[in-house]
Amino acid sequence: MNYSIQTLLLLLLVHIFFFNVQTQSQSTDLISKTCKKTPHFDLCLSSLQSSPQSSNSDISGLAHIMADLVLSNATDTLDYIHGLLKQSPEADLQKPLANCAELYIPVVKYTLPQSIDALSNGHYGFANYGISDAAKEAEACEKGFSGESPLTDRNTLVSNLAEVAVAIINLVQG
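Trainee: An account of the packing of aromatic side chains is needed here, citing residue identities and associated values.
Mentor: Here the structure, examined in full by the defined rule, presents 0 aromatic pairs. The ring of Tyr80 carries the charged tip of Arg154 above its face, separated from the ring centre by 3.8 Å.

Trainee: Help me get a handle on the packing of helix α3 (residues 59-86) against helix α4 (residues 91-120), residues and values and all.
Mentor: For the pair α3 and α4, the least separation of the axes is 9 Å and the interaxial angle reads 155°. Between α3 and α4, the interaxial angle falls into the category roughly antiparallel. The hand of the α3/α4 crossing is left-handed. Here the residues of the contact of α3 with α4 sort into 20 nonpolar, 6 polar and 1 charged.

Trainee: A description of the environment of Glu148 should follow, citing residues and the corresponding values.
Mentor: Mapping Glu148 onto the fold places it in the loop between α5 (124-143) and α6 (152-173). The spacing of Glu148 and Leu93 is 55 residues in sequence and 9.3 Å in space, taken between C-alpha atoms.

Trainee: Explain the nonpolar core residue by residue, including any values.
Mentor: The biggest cluster of nonpolar side chains holds 43 residues, and the ones touching the most others in it are Leu48, Tyr104, Ile131, Leu151 and Ile168. Put simply, the parts of the chain that give this core at least two residues each are α1 (2-35), α2 (41-49), α3, α4, α5 and α6. If one sorts the elements of this core by residue count, α4 sits on top with 12 residues. Here Tyr104 is in contact with Ala74, Thr77, Leu78, Ile81, Ala138, Cys141, Asn155 and Val158, once residues within four sequence places are set aside.

Trainee: Quick rundown of the side chain of Asn128? Include the residues and the values.
Mentor: With respect to the helices, strands and loops of the structure, Asn128 is situated in helix α5. Setting aside chain neighbours within four positions, we find Asn128 in contact with Val166, Ile169, Asn170 and Gln173.

Trainee: Quick one: what's the story with the packing of α3 against α6, residue by residue and with numbers?
Mentor: Between α3 and α6, the shortest axis-to-axis distance is 9 Å and the interhelical angle comes to 160°. Comparing the axis directions of α3 and α6 gives the class roughly antiparallel. Of the two elements, α3 crosses α6, and the hand of that crossing is left-handed. Here the contact of α3 with α6 is composed, by residue class, of 19 nonpolar, 4 polar and 2 charged.

Rules used in this analysis
- Residues numbered from 1 in each chain as written.
- Predicted model: local features only at pLDDT ≥ 70, side-chain atom pairs only at ≥ 80, totals over all residues.
- Heavy atoms only, no water.
- Phe/Tyr/Trp six-rings, centres within 6.5 Å; stacked < 30°, edge-to-face > 60°.
- Lys NZ or Arg CZ within 6 Å of the ring centre and 35° of its normal.
- Axes fitted to C-alpha atoms, helices over the stretch in contact; angles between N-to-C directions.
- Helix = DSSP H or I, 4+ residues; strand = E, 2+ residues; numbered from the N terminus.
- Parallel < 35°, antiparallel > 145°, perpendicular 65-115°, else oblique.
- Left-handed = near helix turned anticlockwise from the far one by under 90°.
- Nonpolar A, V, L, I, M, F, W, Y, C, P; charged D, E, K, R; others polar.
- Core = buried A, V, L, I, M, F, W, Y, C linked by side-chain atoms within 4.5 Å.
- Buried < 20%, exposed > 50% of the residue type's maximum accessible area, 1.4 Å probe, protein only.
- Contact = heavy atoms within 4.5 Å.

Structure (structure tokens):
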């Protein structure tokens, strides 16, 4: 009797292990297949693979994760801009940094949170519009510098993440 319980437990553990491996493989396949349909494959793949929620997500969940990453990076960029402004930068940087703050504030406070809500409620067109706006504002911020921008890497990241999020939302939308 004791031998059969051990055998049963061993079979159960083997089944659970192989089911878990199969599930992880399927989520990796979904992420890879999804990212191949975006304009920035490597960024998409690394972003989604670094998110623990992505392993249990469908394509709609992946779109939500990317939208959240856009908001997180836009918020970090705005905080960085405020930090630079507090350091009293040179006069030629003061105005473009202030302009960038004016561009990022509505994106972080209103546009992206409303877009994420719209995405959650299945309003994909509105979500795409707002997330695309975040990319445009990051690009406008960058163009506001006459010389070298201290925000180039951050603006590029926000813009590229937004482009990936929009591409995934388009896949969800069909």
